[in-house]
Amino acid sequence: MKRLVVAPHMDDESMGCGGLMAKYPDECVVVTVTDSGPVRAEEHDRAMAVLGVTDTRNLGFEDGVTGQHMTELVGALDAVMGEVRPDELYLPFPSLHQDHIAVYEAGMRSSRVSMSAEHWFPPSVLVYDIAAYDVNLYPSDLRWNVFEDLTEEQVTKKALACTAYQSEIPTDIHPINSVKQLAAAAGLVRLMAYAEQYALVRQVRR
């Protein structure tokens, strides 16, 4: 199993899929889209070390304006998908942040059926939740309908990975400081101690 997590910024991957990565570190490849500078890059390295993920790439797009480079972004994701050939692709929910919307849209375009034989068609596409954004700029039919069961150890690693991003934590009361509580809320109503929630876009079963 190969799982490709595409994150607009360094920290989104841990907030959205940190539990999944702690659970399957050897199966996960993380691609961050924007270059947010050396401090964030060091924090990202620490977060990935906590989660045990060793395969990471950065596409180097400018923070805040990825939507202005859609053609280039789709092409870059096409190249990564052709190299990794993931069974599962994870994209950010298209919420309030312009980079999240752009990366979601670029990822969906890159997931297309193509006329090119070299283009990779990921069988499963899922969207992950980033709790910091609770406002949507446009409606979608995405629903949280897939729930990844997490252990105490896995959700603790997720929380530690998130707190590695000290430059991104504005106050004590913030979703990035409430990882275990949010995972418990998602899990308990589904008879799990902890869970991450995802929206399934496509699943091709063979």
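Residues numbered from 1 in each chain as written. Predicted model: local features only at pLDDT ≥ 70, side-chain atom pairs only at ≥ 80, totals over all residues. Heavy atoms only, no water.

## Points about the pattern of salt bridges
Here comes step 1: Under the criterion given, the structure shown has twelve salt bridges.
Here comes step 2: In this structure, Asp11 and Arg40 form a salt bridge, with 3.8 Å as the shortest nitrogen-oxygen distance. Here Asp11 is found in the loop between strand S1 (3-7) and helix H1 (12-23), whereas its partner Arg40 is found in helix H2 (residues 38-51), with 29 residues between them in sequence.
Here comes step 3: By relative accessible area, Asp11 is classed as buried at 7%.
Here comes step 4: Across the pair Lys23 and Glu148 runs a salt bridge whose closest N-O atoms are separated by 2.8 Å. Separated by 125 residues along the polypeptide, Lys23 in helix H1 and Glu148 in strand S6 (residues 146-150) bring together distant segments of the chain.
Here comes step 5: You can call Glu148 buried: its relative accessible area is 15%.
Here comes step 6: Taken together, the shared-partner salt bridges connect Arg3, Glu27 and Glu88 into one network. (Salt bridge = Lys/Arg side-chain N within 4 Å of Asp/Glu carboxyl O. Helix = DSSP H or I, 4+ residues; strand = E, 2+ residues; numbered from the N terminus. Buried < 20%, exposed > 50% of the residue type's maximum accessible area, 1.4 Å probe, protein only.)

## Considering the side chain of His97
Here comes step 1: Tracing the sequence through the fold places His97 in the loop between strand S4 (88-92) and helix H4 (98-110).
Here comes step 2: Classification of His97 by relative accessible area gives buried; the value is 17%.
Here comes step 3: When near neighbours in sequence (up to four residues on either side) are disregarded, His97 contacts His9 and Tyr133. (Contact = heavy atoms within 4.5 Å.)

## Overview of the packing of helix H5 (residues 152-163) against helix H6 (residues 179-188)
Here comes step 1: Two elements in contact, H5 and H6, have axes whose closest approach is 9 Å; the angle formed by their N-to-C orientations is 140°. Put simply, H5 runs oblique to H6. The hand of the H5/H6 crossing is right-handed. Mapping the contact onto sequence places Glu152, Val155, Thr156, Lys158, Ala159 and Cys162 in H5 and Val179, Lys180 and Ala183 in H6.
Here comes step 2: Among the residues forming the contact of H5 with H6, the class breakdown is five nonpolar, one polar and three charged. (Axes fitted to C-alpha atoms, helices over the stretch in contact; angles between N-to-C directions. Parallel < 35°, antiparallel > 145°, perpendicular 65-115°, else oblique. Left-handed = near helix turned anticlockwise from the far one by under 90°. Nonpolar A, V, L, I, M, F, W, Y, C, P; charged D, E, K, R; others polar.)

## What to know about the packing of H2 against H5
Here comes step 1: Packing of H2 against H5 leaves a shortest axis separation of 8 Å and a crossing angle of 170°. As far as their axial angle goes, H5 and H2 are roughly antiparallel. Taken together, the residues of H5 that come into contact with H2 (itself represented by Ala47, Val50 and Leu51) are Lys157, Lys158, Leu160 and Ala161.
Here comes step 2: Of the residues assigned to the contact of H2 with H5, the class counts are five nonpolar, no polar and two charged.

Interpretation note: all reported values are geometric properties and have no functional meaning in isolation.
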